[in-house]
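Per-entry structural report
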Amino acid sequence: GELDFAIAPRLPAAGLDQFVARKLIEDHLVCVVRRGHPSEARRLTLRAYLKLDHVMIGSVLPVVSTVDVALHVHRAERVVAAKVPSVLSALMLVAGSDLAATTYARILQYFHAELVARPLPFEVEPLELHLMWHPRENADPFHRWVRTSLLEHARSTVRQRAQAKS
């Protein structure tokens, strides 16, 4: 009863199945380097990815990243040269250095002039964020308006991105 909504990945945790969940966005990871980076023109293989010095995006909590989990499958580990608390600070650092970052493609629309995104040479599960709420809020008109607005905004953004690509 303390939160109206949550926007988070849908995790298989006890008690979460009681909430209503609707997919808000889906995104995939890419490797980014600055325009003019020495590796920009070369194909990004797993070996080339591992040779890069990486900026890791993370909080102070000891979180295992999906990238590191995926690399573990290949018995590989990336070189983390810097750790920053936000995507924005990571991208700014990458734009002014020879560091690389692995981040979600969606944010890069704001940095397309400074950064080059390349597909990862290994599989990582895409990110799915869901809008979640308790069913007792289903009939509340204001609550319905807010969640409908959020979901429609997410859908229209997806449509606009698809139209821009074609």
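The coordinates are above.
Residues numbered from 1 in each chain as written. Predicted model: local features only at pLDDT ≥ 70, side-chain atom pairs only at ≥ 80, totals over all residues. Heavy atoms only, no water.

**A look at the overall build of the protein**
Helix and strand content of the protein: four helices and eight strands. The order of α-helices and β-strands along the protein, N terminus first, is β-β-β-α-β-α-β-α-β-β-β-α. In terms of principal-axis extent, the alpha carbons of the protein reach across some 55 × 40 × 25 Å. Counting every position in the protein, which comprises 166 residues, the buried fraction comes to 35%. Pairs at least 24 apart in sequence give 79% of the contacts found in the protein among residues at least 6 apart. Counting every atom, the protein has about 10,800 Å² of accessible surface; 59% of that belongs to carbon and sulfur. Charge separation in the protein, taken as the distance between the mean sites of 21 positive and 17 negative side-chain charges, equals 6 Å. (Helix = DSSP H or I, 4+ residues; strand = E, 2+ residues; numbered from the N terminus. Buried < 20%, exposed > 50% of the residue type's maximum accessible area, 1.4 Å probe, protein only. Contact = heavy atoms within 4.5 Å. Areas by Shrake-Rupley, 256 points an atom, 1.4 Å probe, with all protein chains shown as cover. Lys, Arg positive; Asp, Glu negative; His and termini not counted. Charge placed at Lys NZ, Arg CZ, Asp CG, Glu CD.)

**What to know about the nonpolar core**
Among the nonpolar cores identified, the biggest contains 15 residues, and C31, Y49, V67, L71, L120, F122 and V124 are the most heavily contacted of them. At the level of secondary structure, the elements contributing two or more residues to this core comprise β3 (29-34) and α2 (66-73). If near-sequence neighbours (up to four positions away) are discounted, L120 is found in contact with L29, V30, C31, Y49 and T102. Counting residues in hydrophobic clusters, the runner-up holds 13 residues, among them V32, A90, L99 and L115. (Core = buried A, V, L, I, M, F, W, Y, C linked by side-chain atoms within 4.5 Å.)

**Description of the pattern of salt bridges**
Counted under the stated rule, the structure contains six salt bridges. Between E128 and K23 there is a salt bridge, with its nearest N and O atoms 3.8 Å apart. Placement of the pair is E128 in strand β8 (residues 127-133) and K23 in strand β2 (residues 20-27), with a sequence separation of 105 residues. We classify E128 as partly exposed; its relative accessible area is 31%. Across the pair E137 and R136 runs a salt bridge, and its minimum N-O distance is 3.9 Å. (Salt bridge = Lys/Arg side-chain N within 4 Å of Asp/Glu carboxyl O.)

**As for the sheet that holds strand β4 (residues 53-57)**
Taken in spatial order, the five strands make up an open sheet running β5-β4-β6-β3-β7, and their pairing is mixed. The two strands at the open ends of the sheet, each matched to only one other strand, are β5 (79-84) and β7 (115-119). Each adjacent strand pair in this sheet contributes to an overall mean axis angle of 35°, direction not counted. Direction of pairing for β4 relative to strand β6 (residues 100-104): parallel, over a ladder of two bridges. Across the sheet, V55 pairs through a bridge with A101, a residue of β6. (Pairing = 2+ DSSP bridges. Axes fitted to C-alpha atoms, helices over the stretch in contact; angles between N-to-C directions.)

**Topic: the sheet that holds β2**
The sheet built from three strands is open, its strands ordered β1-β8-β2 with antiparallel pairing. A strand with exactly one partner marks an edge of an open sheet, and here the two such strands are β1 (6-8) and β2. Recorded for the sheet is a direction-independent mean angle of 20° between the axes of neighbouring strands. Inspection of the sheet shows β2 paired to β8 by seven bridges, in the antiparallel sense. The residue bridging A21 from the neighbouring strand is M132, located in β8.

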